[in-house]
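Residue-level listing of the chains:
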Amino acid sequence: MTAVPIEGVCDPRFAQVRAEFERNFAHRGEVGAAVCVYEDGAKVVDLWRGDKDLARTVPWAEDTIVIMNSLAKSMCALCTHMLIDRGRIDFDAPVARYWPEFAQAGKAGVLVRHVLSHTCGVIFCDHAPPGSWFDWDVHIRAIERQEPSWEPGTKGAYNSINIGYILGEIVRRVTGKTVGTFLREEVTARLSADYHIGLKPDEIARVSDMHPNPKNTFFQIADDDSTPLGRAFRSAPKTGYFQNCREIREREVASFGGHGNARAMARIYAMLAGNGAIDGVRLLSADAVERAARLVWEDDCIMTQRRIRMGYGFMHNEPETVPMGANMKAFGHTGTGGAFAWCDRERNLAFAYCTNFQREGPGIGPRGAALGVAAGGGCPPSWLR
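Treat the numbers as computed from the prediction; the structure is a model and nothing was measured.

*Asks:* Which parts of the structure should I look at to understand the packing of helix H2 (residues 71–85) against helix H6 (residues 179–191)?
*Replies:* Packed helix pairs are characterised by how far apart their axes lie and by the angle those axes make with each other. Contact geometry for H2 and H6: axes closest at 10 Å, N-to-C directions at 70°. Of the possible angle classes, the one that applies to H2 and H6 is roughly perpendicular. In this structure, the crossing between H2 and H6 has a hand that is left-handed. Between H2, through Met75, Cys76, Leu78, Cys79, Met82 and Leu83, and H6, the contact on the second element is made entirely by Val179, Phe182, Leu183, Glu186 and Val187. Here the residues of the contact of H2 with H6 are counted per class, giving 10 nonpolar, no polar and 1 charged.

Structure below.
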């Protein structure tokens, strides 16, 4: 194991973020990670440290990227909000207006806003064969055949697998571009943010391997077919730990396959914190950001087995499991690998963290939680005190 020092910059006003970052390595088992904070559109924290590879012989570099899992869901939501803002998609329209085959099996009443808010009920994909995550058309055809599990709009549950495919297919039907291409061209290229869903060979060369964590219970639940999460994961590849496989890097696995780093995600969320613009680049109108930032439901989620507060494509601050600072209106997203990003529009503050050591529970786990509290204030979760 290499003894790699912390690299990067940290404004003295955010010294507590650096201190918690150091504690993550010294006391919480961190392997390789990065954290970034923006305030008023300016980068005030940009730190990285640790080992990149499974053998722990290659240091995490400034341009290292890593799988950020379900943060991809929020990026698919962002792309959808941009198209709503441009008048290409109607927020209150049936999904079937853009994707007629989706109306099968009782889904004609599923609206775009139901998908964004995780209230559409299309949370399973019972007709998808194992491994179909990596075959877009096969998974899409299976979603078309899937019945909703409740009347759309009446109940919420985290849509662990299908949401990226559904939003991605809407984007594809409307623009003719895959959601990964749209994201690359319309979001990350314009913001110079190093995050993508579907990587090119030179980008794959910079990817850090993900280290499994025996304390992570997410995949234990996902492996149990008797649980809702296990039922949703039936289309997973049956080849063991998929986080480092070639397919998840090369292909567009839009619900959880995006790769990037904290610097990139903090910049994207800084755009949202700035009501749709940063450094003179506007991606969304202020009204569109206001709509995206609304809280829709909060409940104990059957899928994640924890409390969730959910908006239109973004999780909201939940201090006990997903602490996003002192402002309960802060919103962002988590990834089961440990990645975590959010923004606070009232303070024009954005935060992001990524790691190559699978998170612990509950929620985002102690490493991400400690950094989030350090950046945004508020009380630490009871289990972190």
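*Asks:* Even after reading the chapter, I still don't get the nonpolar core, so can you show me in this structure?
*Replies:* One broad trend across soluble globular proteins is that nonpolar side chains are buried collectively. If you look at the biggest cluster of nonpolar residues, it comprises 131 residues, and the most contacted ones within it are Phe233, Met265 and Leu272. Other than its neighbours up to four places away in sequence, Met265 contacts Met68, Leu71, Met75, Tyr195, Ala341 and Ala352.

*Asks:* Sorry if this is basic, but what is going on with unusual backbone geometry here?
*Replies:* Negative phi characterises most residues that are not glycine, and trans characterises most peptide bonds. Phi is positive for Asp40, close to 50°, though the residue is something other than glycine. With respect to the element layout, Asp40 can be found in the loop between strand S2 (32–39) and strand S3 (42–50). Its identity as a non-glycine residue notwithstanding, Asn348 has a phi of 50°, on the positive side. Within the fold, Asn348 resides in the loop between strand S12 (340–344) and strand S13 (349–355).

*Asks:* What exactly am I supposed to notice about the environment of Gly164 here?
*Replies:* Structurally, the position occupied by Gly164 is in helix H5 (residues 162–175). Separated by 39 residues in sequence, Gly164 and Cys125 place their C-alpha atoms 13 Å apart. With residues near it in sequence (within four places) discarded, Gly164 still touches Cys76, Trp136, Ala254 and Ser255.

*Asks:* Would you mind showing me how to read empty space enclosed by the protein here?
*Replies:* Gaps between atoms show up when a probe of the same size as a water molecule is rolled over them. Under the counting rule described, the total for this entry stands at 2 cavities of 30 Å³ or more. Empty space within the largest cavity amounts to approximately 40 Å³. Lining the largest cavity, in full, are Ala34, Val35, Asp46, Leu47, Trp48, Trp60, Ala61, Glu62, Thr64, Asn261, Ala262 and Arg263. Where the lining of the largest cavity is concerned, the elements lending two or more residues are S2, S3 and helix H11 (262–273). Counting residues per element, the lining of the largest cavity draws most heavily on S3, at 3 residues. In the lining of the largest cavity, the residues fall into 7 nonpolar, 2 polar and 3 charged. The space that makes up the second largest cavity amounts to roughly 30 Å³. If you go around the second largest cavity, the residues you meet are Arg306, Arg307, Ile308, Arg309, Met315, His316, Glu318, Thr321 and Val322. Among the elements of the structure, strand S9 (307–311) and strand S10 (315–316) are those that each provide at least two residues to the lining of the second largest cavity. Counting residues per element, the lining of the second largest cavity draws most heavily on S9, which supplies 3 residues. Its residues assigned to classes, the lining of the second largest cavity comprises 3 nonpolar, 2 polar and 4 charged.

Here is what the cut-offs are and how they apply
Residues numbered from 1 in each chain as written. Predicted model: local features only at pLDDT ≥ 70, side-chain atom pairs only at ≥ 80, totals over all residues. Heavy atoms only, no water. Axes fitted to C-alpha atoms, helices over the stretch in contact; angles between N-to-C directions. Helix = DSSP H or I, 4+ residues; strand = E, 2+ residues; numbered from the N terminus. Parallel < 35°, antiparallel > 145°, perpendicular 65-115°, else oblique. Left-handed = near helix turned anticlockwise from the far one by under 90°. Contact = heavy atoms within 4.5 Å. Nonpolar A, V, L, I, M, F, W, Y, C, P; charged D, E, K, R; others polar. Core = buried A, V, L, I, M, F, W, Y, C linked by side-chain atoms within 4.5 Å. Buried < 20%, exposed > 50% of the residue type's maximum accessible area, 1.4 Å probe, protein only. 1 Å grid on protein atoms, 1.4 Å probe; cavity = no way out; pocket = protein on both sides within 12 Å on 5 of 7 lines; lining within 4 Å. Points joined across faces, edges and corners; volume = space filled by probe spheres on them.

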